[in-house]
Amino acid sequence: MIVYDIVLNGEIKETIKPKKNRLKEIYSYMLEQTKVMKAKYGDNVKIKGRIVY
């Protein structure tokens, strides 16, 4: 499972878990979430992906 951590100033603020497993669907979902997170936390936010087994 792929999860995405929202990092602000070196601290993890949120973890996003996409509900779908297809890469095309995850990609479009994360494009939307990126816009939402930048509006919520500002432009200094970083999104890092990781795999959880």
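Each chain has its residues counted from 1, running along the sequence as written. Note on the predicted model: pLDDT of at least 70 is required for a residue's local features to be given, and 80 or more for side-chain atom pairs to be given and counted; whole-chain, interface and lining totals, by contrast, use all residues. Neither water nor hydrogens contribute to the side-chain values; these are computed over all heavy atoms in the structure.

An unreviewed UniProt entry lists the chain under the name Mechanosensitive ion channel protein MscL, with Paenibacillus violae given as the organism.

**Some details on the sheet that holds strand E3 (residues 45–51)**
Inclusion rule: Note on pairing: two strands pair once DSSP finds at least 2 bridges between them. Secondary structure elements follow DSSP: runs of H or I of four or more residues count as helices, runs of E of two or more count as strands, with numbering from the N terminus. Axes here mean lines fitted to C-alpha atoms, for a helix over just the part in contact, with angles spanning 0 to 180 degrees between N-to-C directions. Any two residues having at least one pair of non-hydrogen atoms within 4.5 Å are treated as being in contact.
One open sheet holds the 3 strands; their spatial order is E2-E1-E3, and the pairing between them is antiparallel. Unpaired on one side and paired on the other, strand E2 (11–16) and E3 mark the two borders of the sheet. Going from strand to strand, the sheet's axes swing by 30° on average, the running direction of each strand aside. Pairing between strand E1 (residues 2–8) and E2: 5 bridges, direction antiparallel. Each bridged residue has a counterpart across the sheet, and for valine 7 the counterpart in E2 is isoleucine 12. Strands E1, E2 and E3 of the sheet are contacted by helix H1 (residues 23–41), whose axis makes an angle of about 140° with E2.

**Let's talk about the pattern of salt bridges**
Operational definition: By definition, a salt bridge exists where a carboxyl oxygen of Asp or Glu is found within 4 Å of a side-chain nitrogen of Lys or Arg. Burial here depends on accessible area, computed with a 1.4 Å probe over protein chains only, as a share of the maximum for the residue type. Under 20% is buried, over 50% is exposed, and the range in between is partly exposed.
Counted according to the given criterion, the structure contains 3 salt bridges. Across the pair glutamate 14 and lysine 40 runs a salt bridge whose closest N-O atoms are separated by 2.8 Å. Taken together, the residues glutamate 14 in strand E2 and lysine 40 in helix H1 connect sequence positions 26 residues apart. The exposure class of glutamate 14 is partly exposed, given its relative accessible area of 22%.

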